Structures are given as structure tokens and as C-alpha cells.
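Structure at a glance
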Amino acid sequence: FDVRFLPNPHWDEALRPLSGLDQPVSDFVLQQPLAIEFVDKIDSLFGMLLPAYRAEGKSYLTVTIGCTGGRHRSVVIAEQLKSWLIQSGQNPRVTHRDISR
């Protein structure tokens, strides 16, 4: 999923050096109504897909979230999805490939 449709924290001088793991960046991204709607729709999609994957005997599902730099928006959204998955009894593994760039 490409989340470049969300405003980019990179352009805020105070947020630029931070990552999506930092609360100010998370707050910035999640204050966007479209971000919340997007996460809700993905949660709904996972709610449909995960039982179907289990029923087919699949042991994992790979999902990628991307943005321009991989430090801000994608990290926040991935962390939100991780929280939902944990609450749903899943054991997600999240890797933020470009967070240190």
C-alpha cells in the first residue's frame, strides 16, 4: 500500500529528524481524517482476509506499506496495523526497512 496520499511530515522542520515511531510524527499523521479512514479500511480488509488465509492453511501474509522516504508515514501506518493485528490475536512481525535513512 502506498501512503504518499497523506501529508508528509518531512516538510515540517520539527518532525523531519524524527521517525514514525516518535509520538509527534504519529500524531501528525493520525490527525489526518484520511489516515484514520485508510487504517479502518485496511483493518476491515484484514478482518476478511486473515480467516480465509488460515482456512487455506497459509501460515503468513506479507503486507508492505510505503511512502517517499520510508521514515514517517509508512512507519506510522504500519505500527497502527500492527496494533490492530495484535488486538486481533495475531503475532505480526514488522520491519521498517528504511527508517534509519
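Structural notes, computed from the coordinates. (Residues numbered from 1 in each chain as written. Predicted model: local features only at pLDDT ≥ 70, side-chain atom pairs only at ≥ 80, totals over all residues. Heavy atoms only, no water.)

Let's shift gears to a nonpolar patch on the surface. Taken together, F1, L45, M48, Y53, L61 and V63 make up a surface patch of nonpolar side chains, about 480 Å² in accessible area. Structurally, M48 can be placed in helix α2 (residues 33–55). In this structure M48 comes out as exposed when scored by relative accessible area, which is 53%. (Patch = residues over 30% accessible without salt bridge, like charges linked within 9 Å, V, L, I, M, F, W, Y side chains within 5 Å. Areas by Shrake-Rupley, 256 points an atom, 1.4 Å probe, with all protein chains shown as cover. Salt bridge = Lys/Arg side-chain N within 4 Å of Asp/Glu carboxyl O. Helix = DSSP H or I, 4+ residues; strand = E, 2+ residues; numbered from the N terminus. Buried < 20%, exposed > 50% of the residue type's maximum accessible area, 1.4 Å probe, protein only.)

Attention now goes to the side chain of Q32. Relative to the elements of secondary structure, Q32 occurs in the loop between α1 (23–30) and α2. Once residues lying within four places of it in the same chain are set aside, the contact partners of Q32 are L6 and P7. (Contact = heavy atoms within 4.5 Å.)

V3, L6, V29, F46, I65, I77 and L81 are the most contacted members of the largest nonpolar core, which has 19 residues in total. Contributing elements (two or more residues each) for this core: α1, α2 and α3 (73–87). No other element matches α2, which puts six residues into this core. When residues no more than four places from it in sequence are discounted, the contact partners of F46 are P51, V63, L81, W84 and L85. (Core = buried A, V, L, I, M, F, W, Y, C linked by side-chain atoms within 4.5 Å.)

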